Number of protein chains: 2
Amino acid sequence: MPYASFASMPCALGRPAALLGERWTLLLLRQIFLGTRRFEDFQTTMAISRSVLTDRLNVLLQEGVLKRVPYQDEGRTRHEYRLTEKGRDLYPVLMALRTWGEKWMAPEEEESFHLHHRDCGGGVRAKVECTDCGAELTARDVQVTARVNSDG
Amino acid sequence: MPYASFASMPCALGRPAALLGERWTLLLLRQIFLGTRRFEDFQTTMAISRSVLTDRLNVLLQEGVLKRVPYQDEGRTRHEYRLTEKGRDLYPVLMALRTWGEKWMAPEEEESFHLHHRDCGGGVRAKVECTDCGAELTARDVQVTARVNSDG
DNA sequence: GTAGCTGAGTTCGAAAATCGAACGCAAGGA
DNA sequence: TCCTTGCGTTCGATTTTCGAACTCAGCTAC
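Note that this is a predicted model, so its numbers are computed, not measured. (Residues numbered from 1 in each chain as written. Chains lettered and ligands numbered in written order. Predicted model: local features only at pLDDT ≥ 70, side-chain atom pairs only at ≥ 80, totals over all residues.)

Trainee: Help me understand the interface of chain A and chain B in this model?
Mentor: How big an interface is tends to be reported as the loss of accessible area on association of its parts. Contacts between the two partners involve 84 residues from chain A and, on the opposite side, 84 residues from chain B. Mapped onto the side of chain A that touches chain B, the elements with two or more residues apiece are helix H1 (14-20), helix H2 (25-33), helix H5 (85-88), helix H6 (91-104), strand E3 (113-117), strand E4 (124-130) and strand E5 (142-146) of chain A. Ranked by residues supplied to the side of chain A that touches chain B, first place goes to H6(A) with 14 residues. For the side of chain A that touches chain B, the residue count by class is 44 nonpolar, 19 polar and 21 charged. Where E4(A) meets strand E4 (residues 124-130) of chain B, 7 bridges bridge the pair, whose relative direction is antiparallel. Directly across from Arg125(A), in E4(B), lies its bridge partner Glu129(B). (Contact = placed C-beta atoms within 7 Å. Helix = DSSP H or I, 4+ residues; strand = E, 2+ residues; numbered from the N terminus. Nonpolar A, V, L, I, M, F, W, Y, C, P; charged D, E, K, R; others polar. Pairing = 2+ DSSP bridges.)

Here it is, written out as structure tokens:
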């Protein structure tokens, strides 16, 4: 099975994992959540090759994570890449990565940007909870039950 | 900047994004959370090439996400790959991916495996919350403030 | 002891992905 | 008309990945 065919695997975790697990895609989404919207800015801040950047943007457009939005730049029409609702909904994924990174990959008190709740100024944290009782869950609290096939 | 050098970028989101954004790594973690622990089983269930599997396992070992644990198999000692505490802490990342996948990438009522809270049987969901007031947050509720440099 | 089996890699040539530098192009402006 | 800018495309060189074969250690059977 080539890597690309995971895009059609029957698993609600596997498909996103394959999509976002392509090289550059997570870093690209990070940059977008930080506010970058233009081809040129992605290319210079990430130092990604232009052809790969084109490809990754197109994949995310096709998946409906991004959309191209026209805007006026000194009288002429240009386009920028913006998150769709589907794309904005990836926020918990990025925040979960950041929460993990702060706990396990931060060398010291480094913090290149700070996030806080607009309303109350509090910090931001990803967590997993039970939809029923509301308890916060870890891997140990969750039972996996296979439904269709063993590779889930 | 080659892709690999993101491993040392000064960003608590960028470093994990670069680490888990390597091809196969997210799918490998998914497989581990589903219970796979042995080289041979990874190789056959994921259809990844053996050399790349070796490389990805070694990276995760080196990062302290996985550990090699000896066990007895018909009298002889073998090793299996298991999550460390750091690795188990990636659970919210995987759950955030799955929560997103169920909402946005599920073709129908497909569900290849089911997750539920051991104690009460409820469903499992990732979310982002304010550490202060406890409110559930979306990207729009969060303010980003640069600290060191603009590329975050 | 020696032949076979199995899990866990390693090796290596072919194919695919990525890089980086140059090129193309459309829409203004000078 | 020529210049600039943003946004790609193209293409040869390099790096990754693939896939099949090979190695090796520890057992089992004979």
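Trainee: Please explain the protein's contact with DNA strand D as it appears in this structure.
Mentor: Close to DNA strand D lie 21 residues; Arg38(A), Glu40(A), Arg50(A), Thr54(A) and Arg76(B) are nearest. If you list the elements that add at least two residues to the surface near DNA strand D, you get helix H3 (39-46), helix H4 (50-62) and strand E2 (76-83) of chain A together with helix H4 (50-62) and strand E2 (76-83) of chain B. For the surface near DNA strand D, a count of residues per class yields 5 nonpolar, 7 polar and 9 charged. (Near = placed C-beta within 6 Å.)

Trainee: Even after reading the chapter, I still don't get H2(A), so can you show me in this structure?
Mentor: Along an α-helix, a turn takes 3.6 residues, which lines up residues three or four apart on a common side. Most of H2(A) is tucked away, with 8 of its 9 residues classed as buried. When we look at burial in H2(A), the residues that qualify are Leu26(A), Leu27(A), Leu28(A), Leu29(A), Arg30(A), Gln31(A), Ile32(A) and Phe33(A). Check the buried side of H2(A) and you find it contacts H1, H3, H4, E2 and H6 of chain A together with helix H1 (14-20) of chain B. Where H2(A) terminates, the next one or two residues include Gly35(A), which has phi positive at roughly 115°. (Buried ≥ 20, exposed ≤ 12 C-beta atoms within 10 Å, placed from the backbone.)

Trainee: What exactly am I supposed to notice about the relation of the copies chain A and chain B here?
Mentor: A rotation about an axis combined with a shift along that same axis relates the two copies of the chain. For the match of chain A to chain B, the screw axis carries a shift of 0.0 Å, the RMSD comes to 0.0 Å, and the turn is 180°. The symmetry that links the two subunits is that of a two-fold axis. Closest to the rotation axis within chain A is the C-alpha of Gly21(A), separated from it by 2.4 Å. A high fraction, 100%, of the interface residues of chain A reappear at the interface in chain B, so the copies pair face to face through one surface. (Least-squares fit on C-alpha atoms with pLDDT ≥ 70 in both.)

Trainee: For this particular structure, what's the right way to read helix H6 (residues 91-104) of chain B?
Mentor: For H6(B), built from 14 residues, the straight-helix expectation of 20 Å at 1.5 Å per residue is met to within 8% by its first-to-last C-alpha distance of 20 Å. Among the 14 residues of H6(B), 11 are classified as buried, and the element is accordingly described as predominantly covered. Burial in H6(B) covers these residues: Tyr91(B), Pro92(B), Val93(B), Leu94(B), Met95(B), Ala96(B), Leu97(B), Arg98(B), Thr99(B), Trp100(B) and Gly101(B). Here the buried face of H6(B) lies against H1, H6 and E4 of chain A together with helix H2 (25-33), helix H5 (85-88) and E4 of chain B. (Expected span 1.5 Å × (residues − 1).)

Trainee: So what exactly am I meant to see when it comes to unusual backbone geometry here?
Mentor: A negative phi angle characterises most non-glycine residues, just as the trans form characterises most peptide bonds. Here the phi dihedral of Ala47(A) falls at roughly 55°; this positive angle occurs in a residue that is not glycine. Among the secondary structure elements, Ala47(A) is positioned in the loop between H3 and H4.

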